[in-house]
Amino acid sequence: MNTIQPPFMRQAVMDLDESRIREVANAGMGRPDVLAFWFGESDEVTPAVVREAAIDSLQKGETFYAHNLGLPELRQAVSDYMSALHGPIGVDRLAITSGGVNALMLAAQALVDAGDEVVAVTPVWPNLTAQALVMGAHLKCVSLRPVAGQWQLDMAALKAAITPATRMLIVNSPNNPTGWTLSRAEQAEILAHCRQTGTWVLADEVYERLYYETDTLNGCAPSFLDVAEPDDRLVVVHSFSKSFLMTGWRLGWLVMPPAMTPHMGKLIEFNTSCAPVFTQRAGVVALQNTADITPRVVKHLKACRDTLVPLLQAVQGVQLAPAKGGMYAFFRLEGHPDAVATAKRLVAEAGLGLAPGEAFAREAAGWLRWCFASEDLSRLEQGVARLALWLSRNKSSSG
């Protein structure tokens, strides 16, 4: 009998790390006593008006293929939405995708060849760096650095890493997991440098509406689109997941130079063909109801952040600064350098589910990510109480 021997797949795929978040979550799934804050999504369901639009589409029998680039109605709605935030963004720059993850992968497939150099700002959600590795790229990471719990970018180090040999820069702002957010001046400086080196910028801006600073423009974080020209080597990824409470719908979009769009349509054909029509109908209605949905979501998430952060900061041994954007508290526990082991113990011994920093970058070892997108604020209070009690017990047992 012939047996399959490794390597039986591409080595780049076999070498991918398994999700450290899933590793922890799998230890606690199915346990009703665990307060789960490990995944990056709200526990609030999609608004009824959006769900009803999908149901209506299905009842009408809209179960067939759509255009590769998306329904014309949805592309126009996205164009109107983005133009209101960032100035004119034409339909000819847009492609609808089956989620933000799909959008990121499409961008990597379109721009990265095996052996290309890709620079990424880390810590970051691991899918962004893994996608470059799947394409066979050589990955260089430039790490944010924590200062009193607040992660900051060394601009000089980033610019030194981006050379004419760099095919693409990956940057996620507002950042998952740290909450770090680029300023508009920093975006302009990065874009100017990448123009000089001929480097593409892949900007993951799915958290742009989840921004809590007083200098917010049009209710969103600074965007590369605010400082870029339409023909710049810039691809921006967006998703309905976060600011419309639509994680499970798998619906997103890409903004790119107009010359790139028809070729992206071809690439979508060979990946998913198209996003499902009924989810796209839901997306149209979500955008039509932005003024009712997104400000309420952001206001509630700010209340979540402002509930959780002071409580965590009051716990002895916690190092934390409030996030400027996103939906996460990223903190370090003094005396607990292995966050994977700590997160597993918190699940088993405290009924508290958090994501380990090692899932996002080696330099985030010892940090924990807490998704504070909780419909019930009291869950956050209960979670901090469990953490404090666990720390107290461990301090007592070690002393």
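Provided above is the structure to which this section pertains.
Overview of the structure. From a predicted model like this one, the values you see are computed outputs, not experimental measurements.

1. Describing the overall build of the protein
Part 1: Assigned secondary structure in the protein consists of 13 helices and 15 strands.
Part 2: Radius of gyration (C-alpha) of the protein: 21 Å, near the 21 Å computed for a compact globule of 399 residues.
Part 3: When its C-alpha atoms are laid out on the principal axes, the protein stretches across 65 × 65 × 50 Å.
Part 4: Look at the contacts in the protein between residues 6 or more apart in sequence, and 74% of them connect residues 24 or more apart.
Part 5: Accessible area of the protein: about 17,000 Å², with a carbon and sulfur share of 53%.
Part 6: With 34 positive and 40 negative side-chain charges, the protein shows a spacing of 3 Å between the two charge centroids.

2. Quick notes on the pairing of strand 12 (residues 328-333)
Part 1: Burial runs high along strand 12: 5 of the 6 residues are buried.
Part 2: In this structure, strand 12 lies alongside strand 15 (residues 367-371), joined through 5 bridges in antiparallel fashion. Residue pairing across strands places Tyr-328 opposite Cys-371, the latter belonging to strand 15.

3. Here's the deal with the nonpolar core
Part 1: Leu-312, Phe-331 and Trp-370 are the most contacted members of the largest nonpolar core, which totals 129 residues.
Part 2: When residues of this core are assigned to their parent elements, the largest contribution, 8 residues, is made by helix 11 (residues 290-313).
Part 3: In contact with Trp-370, other than residues within four places in its own chain, are Phe-37, Leu-308, Leu-312, Met-327, Tyr-328, Ala-329, Phe-331, Leu-352, Leu-354, Leu-380, Gly-383 and Val-384.

4. Re the packing of aromatic side chains
Part 1: Applying the stated rule across the entire model yields 12 aromatic pairs.
Part 2: A ring pair is formed by Tyr-81 and Phe-244, whose centres lie 6.1 Å apart and whose planes are at 55 degrees; its orientation type is tilted. Taken together, the residues span a long stretch of sequence, with Tyr-81 in helix 4 (residues 72-86) and Phe-244 in the loop between strand 9 (234-239) and strand 10 (252-255) at a distance of 163 residues.
Part 3: By relative accessible area, which is 10% here, Tyr-81 ends up buried.
Part 4: On the numbers, 5.0 Å between centres and 65 degrees between planes, the contact of Trp-151 with Trp-367 is edge-to-face. With Trp-151 in strand 6 (residues 150-152) and Trp-367 in strand 15, the pair connects residues that are 216 residues apart, well separated along the chain.
Part 5: For Trp-151, a relative accessible area of 3% corresponds to the buried category.

5. With respect to helix 6 (residues 126-134)
Part 1: Turning to helix 6, its buried residues number three or more, namely Leu-128, Thr-129, Gln-131 and Ala-132. What you see down the axis of helix 6 is that its buried residues fit within an arc of 155 degrees, all on one side.
Part 2: Taken together, the buried residues of helix 6 touch helix 5 (100-111), strand 3 (117-122), strand 4 (138-143), strand 7 (166-172) and strand 8 (200-204).
Part 3: Immediately downstream of helix 6, the backbone of Gly-136 shows phi near 85 degrees, a positive value.

6. As for the sheet that holds strand 15
Part 1: Pairing in this open sheet of 4 strands is antiparallel, and the strands run 11-12-15-14 from one edge to the other. The open sheet has two edge strands with one neighbour each: strand 11 (318-319) and strand 14 (355-356).
Part 2: Here helix 11 sits on the sheet in contact with strand 11, strand 12 and strand 15, set at roughly 5 degrees to strand 12.

7. A closer look at the environment of Ala-339
Part 1: The residue Ala-339 is located in helix 12 (residues 339-350) in this model.
Part 2: When the C-alpha atoms of Ala-339 and Leu-368 are compared, they prove to be 6.3 Å apart, with 29 residues separating the residues in sequence.
Part 3: Ala-339 has contacts with Pro-356, Gly-357, Glu-358, Gly-366, Trp-367 and Leu-368, leaving out every residue within four places of it along the chain.

8. Thoughts on the sheet that holds strand 4
Part 1: Strand order in the open sheet formed by 7 strands is 2-10-9-8-7-3-4, with mixed pairing between adjacent strands. Lying at the two open borders of the sheet, with one neighbouring strand each, are strand 2 (94-97) and strand 4. Strand-to-strand twist of the sheet, defined as the mean angle between neighbouring strand axes without regard to direction, takes the value 20 degrees.
Part 2: Pairing between strand 3 and strand 7: 4 bridges, direction parallel. The residue of strand 7 that forms the bridge with Glu-117 is Thr-166.

So, how was this worked out
- Residues numbered from 1 in each chain as written.
- Predicted model: local features only at pLDDT ≥ 70, side-chain atom pairs only at ≥ 80, totals over all residues.
- Heavy atoms only, no water.
- Helix = DSSP H or I, 4+ residues; strand = E, 2+ residues; numbered from the N terminus.
- Rg over C-alpha atoms; globule rule 2.2 N^0.38 Å.
- Contact = heavy atoms within 4.5 Å.
- Areas by Shrake-Rupley, 256 points an atom, 1.4 Å probe, with all protein chains shown as cover.
- Lys, Arg positive; Asp, Glu negative; His and termini not counted.
- Charge placed at Lys NZ, Arg CZ, Asp CG, Glu CD.
- Buried < 20%, exposed > 50% of the residue type's maximum accessible area, 1.4 Å probe, protein only.
- Pairing = 2+ DSSP bridges.
- Core = buried A, V, L, I, M, F, W, Y, C linked by side-chain atoms within 4.5 Å.
- Phe/Tyr/Trp six-rings, centres within 6.5 Å; stacked < 30°, edge-to-face > 60°.
- Arc of directions from axis to C-beta.
- Axes fitted to C-alpha atoms, helices over the stretch in contact; angles between N-to-C directions.

Function cannot be read off these values alone, since they describe shape.
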